[in-house]
Amino acid sequence: MPKGVFKVPAPYNEPVLSYAPGTSERAELQAAYSKNFNQVIDIPMFINGKEIFTDDKRNVTPPHDHQHVIGTYSYGTAEHVNLAIDTALEARKKWSQMSWEHRASIFMKAAELVATKYRAEINSATMLAQSKNAMQAEIDAACEFADFLRFNVQYMVDIYNQQPESDKGIWNRVEYRPLEGFVVAITPFNFTAISGNLPASAALMGNVVVWKPSDTQIYSAHTIMNIFREAGLPDGVINMVFADGPMAGDILFKHPDFSGLHFTGSTGVFKHLWKTIGNNIDNYKTYPRIVGETGGKDFIVMHPSADSKAVATGISRGAFEFQGQKCSAASRAYLPLSKANEVLNYVVEDVNSFKTGSPEDFSNFITAVIDEKAFDKIAGYLDYIKEQDDAEIIVGGGYDKSKGYFIEPTVVVTTNPKFRTMCEEIFGPVITIFKYEDAEWENVLKIVDETSEYALTGAIFSGDRYAAEYATRALENAAGNFYINDKPTGAVVGQQPFGGARGSGTNDKAGSAQNLLRWCSPRLIKETLVSPVDYRYPFLGE
Ligand code: NAD
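Residues numbered from 1 in each chain as written. Predicted model: local features only at pLDDT ≥ 70, side-chain atom pairs only at ≥ 80, totals over all residues. Heavy atoms only, no water.

1. Re a nonpolar patch on the surface
Our working rule: Patches draw on residues past 30% relative accessible area with no salt bridge. Two like charges within 9 Å are joined, as are two nonpolar side chains (Val, Leu, Ile, Met, Phe, Trp, Tyr) within 5 Å. Accessibility throughout is a Shrake-Rupley quantity obtained with a 1.4 Å probe, and a residue counts as covered only by protein chains that appear here. The salt bridge definition used is simple: a Lys or Arg side-chain nitrogen within 4 Å of an Asp or Glu carboxyl oxygen. Secondary structure follows DSSP: runs of H or I at least 4 residues long count as helices, runs of E at least 2 residues long count as strands, and numbering of each begins at the N terminus. The rule is simple: take the accessible area with a 1.4 Å probe, protein chains only, and divide by the maximum for that residue type; under 20% is buried, over 50% is exposed, in between is partly exposed.
A surface patch of nonpolar side chains, amounting to about 560 Å² of accessible area, comprises Y535, Y537, F539 and L540. When you line up the elements, Y535 lands in the segment after β23 (520-528). Classification of Y535 as exposed rests on a relative accessible area of 62%.

See below:
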């Protein structure tokens, strides 16, 4: 136990490197990409700190070059999931008792490794296997991941510092125990940082974790695991298994020691997992924590007073960076008739200037979508739109999966504010625009609020302060992250804690103290310094 009230180093946001031509970071990243592209690695699961290989090998191929194999990973079975649970519970005996400054050191070291030795490696892995361009990889895999690791240490200490008052003669104190059991982390394909943070945040608070990454993010998950191990994370604290989701879920959520789910992914899967947990409630020793950040149908609303070029830039970046595969990506926009054409002309000009192709070529702004399933789903939406009378594609609409899963950035204009693509999450480079009469500003805000089941992010652009204030109030429940005069993407840890409500999740704000509070169970200890020795209170006197 610590013999001092330690102060942790102040967290800071990892500076985003430019990767401009001629910089050393660009040369290093290109070299790492090229090395990884030209080799085939064999990726194991990690259970109890051991590499586990199986005969069920599956290929890893870049989404932008799907016939080119860069690795294989070993798929696990029920036996591996069970082993991961047993191992975690065994590791809990020591890990849950380890004093906090040692846990903090491990994850702060992991942050330093991400930002230095492993920076090019984790960025190139994210470029290769998730098809992010260099900048999208940098802000995710290097910077956001390091930020999560550093800021969470500070938040942990902030939580530990929350202590009750004590009356004369007694000492009240609270200890923030890890959950009794194991935590399950189920992570999405689209952010390497989220993938690392979901198991790490629970482990930082003293929990043990079974982590199941998305099949399409395993390549960069492997780098994450290497970093955790090099940072000194003891064996068995985070166990990474590759397995069929429903099969793994069936085992994990039936187990009596299941104590929490840290999930990020689609709304449908999260609801399914919640139901499964509910159905198993009688099996558990403790009520499990359920934290899930899920889908979005994120909006941009322009007031007639806003600047057209700023709105167009918000759309071009907000809707199309990483091919719209961000939960926060703008996918519906509402433009006043007086300015809509001006904005759309700028957007079409931007879209026509985007270069598309492999992230290896740093001049490409757009790369491929994650896999064939996603490609077919998005292409299906584009085919649907082309058949409708109340919507028109004004730029894009094409797709081609001959070499990679490429979808053209697409702008749709509809006359129907409830058009299917104004409501449903597509998770691709498609934005749908509705033009409204300028005088209908207040009414359009009602439409924005009522159109989708989600409430993740949203942005309003306005040069008029009264309009901005009105919209902020009118859209109070329409987004967990609300932006004024900015795109609705790009939340930074420590500055814009992230999450949404309604169908978008439990809004526990990744990268915040609120989130870490879900991974501990406070125990109040009251100590009486001199215990009473007579049961009689004074009022009982004659
Ligand atoms: P997904 O729901 O398809 O998969 C997420 C994870 O769940 C994967 O690991 C997958 O294998 C697993 N899974 C699927 N079915 C399962 C089951 N029955 N039992 C157990 N595990 C199961 O999501 P995705 O395609 O990887 O990610 C995209 C989605 O994530 C989008 O909807 C996006 O909006 C959302 N997302 C949300 C946030 C946020 O912070 N709100 C951030 C990133 C992504």
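2. Regarding the packing of aromatic side chains
Worth spelling out the cut-off: Paired rings are identified among Phe, Tyr and Trp, the last through its six-membered ring, by centres lying within 6.5 Å, and are further divided according to the angle between planes into stacked (under 30 degrees), edge-to-face (over 60) and tilted (the rest). Charges are assigned to positions over rings by a cutoff of 6 Å between ring centre and Lys NZ or Arg CZ, combined with an angular limit of 35 degrees from the ring normal.
Counted under the stated rule, the structure contains 22 aromatic pairs. Taking the centre distance of 5.8 Å and the plane angle of 90° together, the rings of F375 and Y399 count as edge-to-face. A residue pair is termed long-range when its members are at least 10 positions apart, and F375 in helix α12 (residues 372-386) and Y399 in strand β15 (residues 399-400) qualify at 24 residues. Taken together, the ring pairs connect F6, W100, Y160 and Y176 into an aromatic cluster. Its guanidinium or amino end placed over the ring of Y75, R58 lies 3.6 Å from that ring's centre, counting from NZ or CZ.

3. Considerations on the domain arrangement of the protein chain
Short version of the rule: Domain limits in this description derive from either an automatic procedure or a database domain assignment. Contacts between residues were defined by any pair of non-hydrogen atoms, one from each residue, lying within 4.5 Å. Values labelled buried area give the accessible surface lost by two parts on being combined, using a 1.4 Å probe and summing over both.
Annotation of the protein chain at the domain level lists domain 1 (24-294 + 505-525) and domain 2 (298-484). When each unit is reduced to the centre of its C-alpha atoms, the spacing between domain 1 and domain 2 is 31 Å. Contacts between domain 1 and domain 2 engage 25 residues on the former and 29 residues on the latter. Carbon and sulfur atoms make up 60% of the area that domain 1 and domain 2 hide from each other, which totals about 2,300 Å².

4. A few points about unusual backbone geometry
For N485, which is not glycine, the phi dihedral falls at a positive 60°. Residue position: N485 is located in the loop between β21 (481-484) and β22 (501-502). N485 sits in the partly exposed class, given a relative accessible area of 39%.

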